[in-house]
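Residue-level structural notes
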Amino acid sequence: MTLKKLFSFCFLFLCQFIWAQSDTITNLKEVIVSDANLIKYSNSQSVLKLNDSIINKNEPLLTDLLNFNSTIYFKEYGRGMLSTVSFRGTTASQTAVIWNGININSQMNGSTDFNTISGTDYNSVSVKAGGGSVLYGSGAIGGTVHLNNDMKFDNKFTNKLRLDYGSFNTIGINYQTNISNDKWSTQIGFSKNSSTNDYKYLNRYTWRGEQRWNQNGQYDIITVNANAGYKFNAKNRLKLYTQASNTDRNTSLLTESEIKTKYKSGFNRNLLEYDGDFGKLTTNLKAAYIFEDFQYFPDNSLNLFTFGKTENLITKADIGYSLSKSTQLNAIADYSKTKGYGSGFGDHAREISSVALLLKQDFSTDWKNELSVRKEFTENYKSPVLFSLGTSYQFSELYNLKVNVSRNFRIPTFNDLYWEQGGNPDLKPESSYQAEIGNVFSFKNISLTQTFYYIKIQDLLQWVPGRGGIWSPKNTDKVNSYGSETLLNWNKQYGKNHFTASATYAYTISEDLETKNQLFFVPFHKATGAVSYSRNKISAYYQFLYNGFVYTQTDNDPDKIVKDYTVSNIGVDYDFNFLNSFKLGFQLLNLFNKNYESLESRPMPGRNFNIYLNFKF
Amino acid sequence: MKKITQFLFLALSVSLFVSCSNDDSDNPKGVYDDGFFILNEGSADGGSVSFVGEDLSTFNADVYKTVNGADFVGKYLQNIFFDGDKAYIISGGSNVINVVNRYTFQLIAKIDSDLANPRYGVVKDGKAYVTNANTYSYSNPATGDTDDYVAVINLTTNKVESKIALNSTANRIIEENNKLYITDASNSKLLILNPSTKALEGSVEIGFGANSMEEEDGYLYILKNSYSDRSEIVKVKLSDKTIAKITFPESLDSGQGFLDIEDNKIYYTANNDVYVMSTSATAASTTPIFTAAISTDGSIYGFAVEDDKIYVSDSGDYASNSKAFVYNLSGALLKDFTVGIAPNGFYFND
């Protein structure tokens, strides 16, 4: 239903823009980023931006994109199934996902399932390591993942269509159109990713000797986007972002005899934004409405389900003032109200307001400083004063030093507070102090970013069994997480031959202070690498992922681990130069047919292929 | 998760052992003859079975894996029952019963169809009777509390040959004198089933909260955990189905307690304490024999008394290996073992 509505909405707008295009033509190129603060207040931290050329070389779902291109660790319940992250050794709900500047982690469980998001729906996906709760609120402890739809006002009408077909009936359809003139800009997108996902488990047989395969693993994810911007004049502009998505997914079986279950989830996000630019004074006003729901079917053969829904209304005012050429001050006030109702946690609402003050001072082009403070007010819990303090100093062209200290938090979710039975209304938010030092080296075509961090997390929320076997969340553990991240990039052109290479490596210690054990499902080591080569119309690429072993138990029993694995993909595409661009591509995934598991007893597919067509017109 | 909150019980009524011919000869029938198994419920990633030799010095933390390699035993292991030289390991989360040789632990077969959240089983005349919780009312409000059944399994073919609908909830089951007795915490009635006719023969009102039960000298002793009321031992006289109750004082309020009977004594637990009273007593003892060495997050999750020893297991935090303890009857700790996740029962193999 929501999809239908959105479609009619899109077409309504589409007509206007086609009409608008024939209007005045002044070739004024401008890109408006959807999340200005990501650029403005991130000088002292590391941001890895994955643009559409990288997005296009990866499988559509966000898990694959980020798994092969960032230091984030993924825990996937089989291919395409529930996928949660650990960033800098933190838990799944300590990485915030930010859609065009708005935190979209689930209000119900606090985390995001990265297999319900298609990277192709965005112009860029950025990964910001480290704390960001002052700007992005709850959950921005390990880091933030930013899904951005940036708008161009460049008098163009472009269309992109990508079609994928791969093993296990994996089908991807992605279409995006951009229409703009100097006043209007609009993007309309549609993506559908589905698979019967019935892959064979390499070298695994049932006790009867039958080949085992991934049963009940089918998924289907549909997302539509419509974003529009209008510039009234040089000073005033309005932007509207809308997105609706539906994920219909079964849950892969651990054993053939299990009851087959499925999970449907969906969301609808709307964000209206006003930008005013009056010289020294800037204003940014936002109003967002986010709806999220799920239905869990404990038995596919019965039409019975449990459910949960939340509606979240967010309003935000951000006033910026330039005190001087080098000093910028922003004051942000926001208010959000969330209503949740579900079969597990009843009917509840919570209101949170906050004020924040951000100061940015550039002593020179080489020395930039940031200071920000935020405080939340709510009746639900006591909220700590959050801050972020950072500096970036460019010693030479070769070397840039970044230092950042911050305090961040994660608030209890609806499940934590209200779950029946066991919900605990007296929880404190998880809070963390974090310090990091980043060294950025740039030399000719090479850039190397090396970051050391230390995070101290208090009041970690854990569900623990209580009297009578009823589980209940408590603020129990203290965790120290520390380690290093390395990002390497290189590109070089020799005549018509263009080479690029990139690599990431993360070393992570995440230690429970009481037991001195590594947190389960946090690998000590993770590395990724990619090389690509292009010449004229042809391009080829290779990527690999190394995931170190993880403990699956809190006591670090060395027999209870998910083994380490290395998995590689290779791809090639050819541009037939028909229309603007017409690429035919072929990918071999898991090139070496590695038998591996992302989670215990959850085998991943062996060697498989994907063919794609990429049109631009 | 729901299942984790369920409790363990010793499915082995003494009568079960009648059918297995134990000789005291010096020829062990396999590596795991003479000793006991500890069933580890495990997590969603699967459970395990530990073995301890009779001398308490032989120990294997995961016999199923040792013998059967990569074969997946199943998630949420609930119960083991025996028949002849076979052991049947019930995995509630995977709808599987693994049939293994009880002395070598070699996998023989799996019963893997027509089960729905299987719980506990007993054997009578070549057939196994296994309670199935089927759907739960939190997700199936219409029939979740009335769709439980007993699966009748032909142990020659290892197939479910029929299902006996119970029209209520069912969990623990024992066999005594050609009758099956079934209880469940959320069922106020004790169900009586006749295995010859495969039909319900009536019920006895005992109240909610029934957990461990044990038959001794014509009486069924049922420990009831009551979340709002006091805990009770309900004594059902099987000949005329009359009941008597021993109501525990408030000091013995406990989320989950266990009971086992040995030599005319009722051993029972409340919180982390183990108590004893005579089967003829009319009031519960409030002086514990000892307090078990349970971890901070844990609780007693498995309990048995056998051959002058008391066996207690600690639920642990459900995310790491936990412990099983062996005490003598006066409460002195003889030995402890680090077993798997959430050990929930002791099964004696002798």
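Keep in mind that this is a model prediction, so the values were computed, not measured.

How each quantity is defined
- Residues numbered from 1 in each chain as written.
- Chains lettered and ligands numbered in written order.
- Predicted model: local features only at pLDDT ≥ 70, side-chain atom pairs only at ≥ 80, totals over all residues.
- Heavy atoms only, no water.
- Helix = DSSP H or I, 4+ residues; strand = E, 2+ residues; numbered from the N terminus.
- Buried < 20%, exposed > 50% of the residue type's maximum accessible area, 1.4 Å probe, protein only.
- Contact = heavy atoms within 4.5 Å.
- Areas by Shrake-Rupley, 256 points an atom, 1.4 Å probe, with all protein chains shown as cover.
- Lys, Arg positive; Asp, Glu negative; His and termini not counted.
- Charge placed at Lys NZ, Arg CZ, Asp CG, Glu CD.
- Pairing = 2+ DSSP bridges.
- UniProt positions renumbered as here; feature names shortened; annotations may be inferred.
- Axes fitted to C-alpha atoms, helices over the stretch in contact; angles between N-to-C directions.
- Phe/Tyr/Trp six-rings, centres within 6.5 Å; stacked < 30°, edge-to-face > 60°.
- Lys NZ or Arg CZ within 6 Å of the ring centre and 35° of its normal.
- Buried area = accessible area lost by both parts, 1.4 Å probe.
- Salt bridge = Lys/Arg side-chain N within 4 Å of Asp/Glu carboxyl O.
- Polar contact = N/O pair within 3.5 Å; in protein donor to acceptor, adjacent residues only side chain to side chain.
- Nonpolar A, V, L, I, M, F, W, Y, C, P; charged D, E, K, R; others polar.
- Patch = residues over 30% accessible without salt bridge, like charges linked within 9 Å, V, L, I, M, F, W, Y side chains within 5 Å.
- Core = buried A, V, L, I, M, F, W, Y, C linked by side-chain atoms within 4.5 Å.
- pLDDT = per-residue confidence, 0-100.

1. Some remarks on the overall build of chain A
Secondary structure assignment for chain A yields 6 helices and 37 strands. When its C-alpha atoms are laid out on the principal axes, chain A stretches across 70 × 60 × 50 Å. Each of the 617 residues in chain A was classed as buried or not, and the buried ones make up 56%. Partitioning the intrachain contacts of chain A with sequence separation of at least 6 by distance along the chain shows that 62% fall at a separation of at least 24. On chain A, roughly 25,700 Å² of surface is accessible, and the fraction owed to carbon and sulfur atoms is 58%. Side-chain charges in chain A split into 64 positive and 55 negative, and the spacing between the mean points of these groups amounts to 5 Å.

2. What to know about the overall build of chain B
Scanning chain B from terminus to terminus reveals 2 helices and 28 strands. In chain B, 27 side chains carry a positive charge and 46 a negative one; their mean positions are 5 Å apart.

3. Quick word on unusual backbone geometry
Residue and element names in this part refer to chain A. With a phi angle near 50°, lysine 444 is a residue other than glycine that sits in the positive phi range. Of note, lysine 516 is a non-glycine position whose phi angle comes to about 65°, a positive value. With respect to the helices, strands and loops of the structure, lysine 516 is situated in the loop between strand S28 (497-512) and strand S29 (525-535).

4. Description of the sheet that holds strand S28 (residues 343-349) of chain B
Residue and element names in this part refer to chain B. Taken in spatial order, the 4 strands line up as S3-S2-S1-S28 in an open sheet, and their pairing is antiparallel. Either end of the sheet is taken by a strand with one partner, and the two such strands are strand S3 (59-60) and S28. Where strand S2 (residues 46-53) lies against S3, 2 bridges are found, and the strand directions are antiparallel. Counterpart to valine 52 in the pairing with S3 is phenylalanine 59.

5. A look at the UniProt feature "domain: TonB-dependent receptor plug" (unreviewed entry) in chain A
UniProt feature "domain: TonB-dependent receptor plug" (unreviewed entry): in the numbering of this structure it lies at residues 56-144 of chain A. As annotated, residues 56-144 of chain A comprises 13% helix and 26% strand, and the C-alpha atoms at either end are separated by 21 Å.

6. Structural notes on the sheet that holds strand S27 (residues 333-338) of chain B
Residue and element names in this part refer to chain B. In space, the 4 strands of this open sheet follow the order S24-S25-S26-S27, with antiparallel pairing throughout. Of all the strands in the sheet, just strand S24 (300-306) and S27 have a single pairing partner and so form its edges. Shown here is a sheet whose adjacent strand axes are inclined to one another by a mean of 15°, direction ignored. In this sheet, strand S26 (residues 323-328) lies alongside strand S25 (residues 309-314) in antiparallel orientation, the contact comprising 5 bridges. In the strand pairing of S26, lysine 309 is matched with asparagine 328.

7. A word on the packing of aromatic side chains
Under the definition given, this model contains 50 aromatic pairs over all chains. Among the aromatic residues, ring-to-ring pairing joins Phe363(A), Trp367(A), Tyr393(A), Phe395(A), Tyr399(A) and Phe441(A) into one connected group. The aromatic ring of Phe267(A) is capped on one face by Arg269(A), whose charged end is 3.4 Å from the ring centroid. It is Lys235(B) that lies over the ring of Tyr219(B); its NZ or CZ is 5.1 Å from the centre.

8. Quick look at the environment of Thr310(A)
Here Thr310(A) lies in strand S19 (residues 306-322). What Thr310(A) contacts, discounting residues up to four positions off in sequence, is Gln107(A), Met108(A), Ile290(A), Phe291(A), Glu292(A), Thr338(A), Lys339(A) and Gly340(A).

9. With respect to the environment of Leu545(A)
With respect to the secondary-structure elements, Leu545(A) resides in strand S30 (residues 538-547). Separated by 63 residues in the primary sequence, Leu545(A) and Asn608(A) have C-alpha atoms spaced 16 Å apart.

10. Describing the interface of chain B and chain A
Every contact between the two is made by 34 residues of chain B and, on the other side, 28 residues of chain A. When the buried surface of chain B facing chain A is broken down by residue, Asp45(B), Ser139(B) and Asn321(B) rank first, second and third, together holding 18% of it. Viewed at the interface, chain A and chain B are joined by 2 salt bridges. With a closest N to O distance of 3.7 Å, Lys75(B) and Glu258(A) form a salt bridge. Counting across the interface, chain B meets chain A through 11 residue pairs in polar contact (both at pLDDT 80 or more). Among the elements that take part in the side of chain B that touches chain A, strand S7 (residues 107-111) of chain B stands out by supplying 4 residues, more than any other. Grouping the constituent residues of the side of chain B that touches chain A by class yields 13 nonpolar, 13 polar and 8 charged.

11. Section: a negative patch on the surface
A cluster of acidic residues, Asp34(B), Glu54(B), Asp55(B), Asp263(B), Asp307(B) and Asp308(B), forms a negative patch on the protein surface. Along the polypeptide, Asp263(B) turns up in the loop between strand S20 (259-262) and strand S21 (265-270).

12. What about the nonpolar core?
If you look at the biggest cluster of nonpolar residues, it comprises 31 residues, and the most contacted ones within it are Leu62(A), Leu66(A), Ile72(A), Phe114(A), Val125(A), Val145(A) and Leu147(A). Counting only elements with at least two residues in this core, the list comes to strand S2 (47-51), helix H4 (62-69), strand S5 (95-99), strand S7 (124-129), strand S8 (143-148) and strand S18 (281-297) of chain A.

13. A word on H4(A)
Across the 8 residues that make up H4(A), a large majority, 7, are buried. Listed in full, the buried residues belonging to H4(A) are Leu62(A), Thr63(A), Leu65(A), Leu66(A), Asn67(A), Phe68(A) and Asn69(A).

14. Looking at the pattern of salt bridges
Residue and element names in this part refer to chain A. By the definition in use, this model includes 30 salt bridges over all chains. Among the ionic pairs, lysine 428 bridges to aspartate 459, the shortest N-O distance being 3.6 Å. Pair noted here: lysine 428 is in the loop between helix H6 (414-418) and strand S25 (430-443) and aspartate 459 is in strand S26 (residues 446-465), with a separation of 31 residues, a long-range link. By relative accessible area, lysine 428 is classed as partly exposed at 43%. Among the residues examined, aspartate 459 registers a relative accessible area of 18% and is labelled buried. Through salt bridges that share partners, Arg237, Lys239, Glu273, Asp275 and Lys286 make up one connected network.

15. Some thoughts on the confidence of the model for chain A
Residues and elements named next belong to chain A. Within chain A, residue pLDDT values average 90, and 94% of them lie at 70 or more. Taken element by element, the predicted model of chain A shows its lowest mean pLDDT in helix H1 (residues 2-21) (39) and its highest in strand S14 (residues 211-213) (96). Confidence drops under a pLDDT of 50 for residues 1-28, and excluding neighbours within four residues, the segment shows 41 contacts in the predicted structure.

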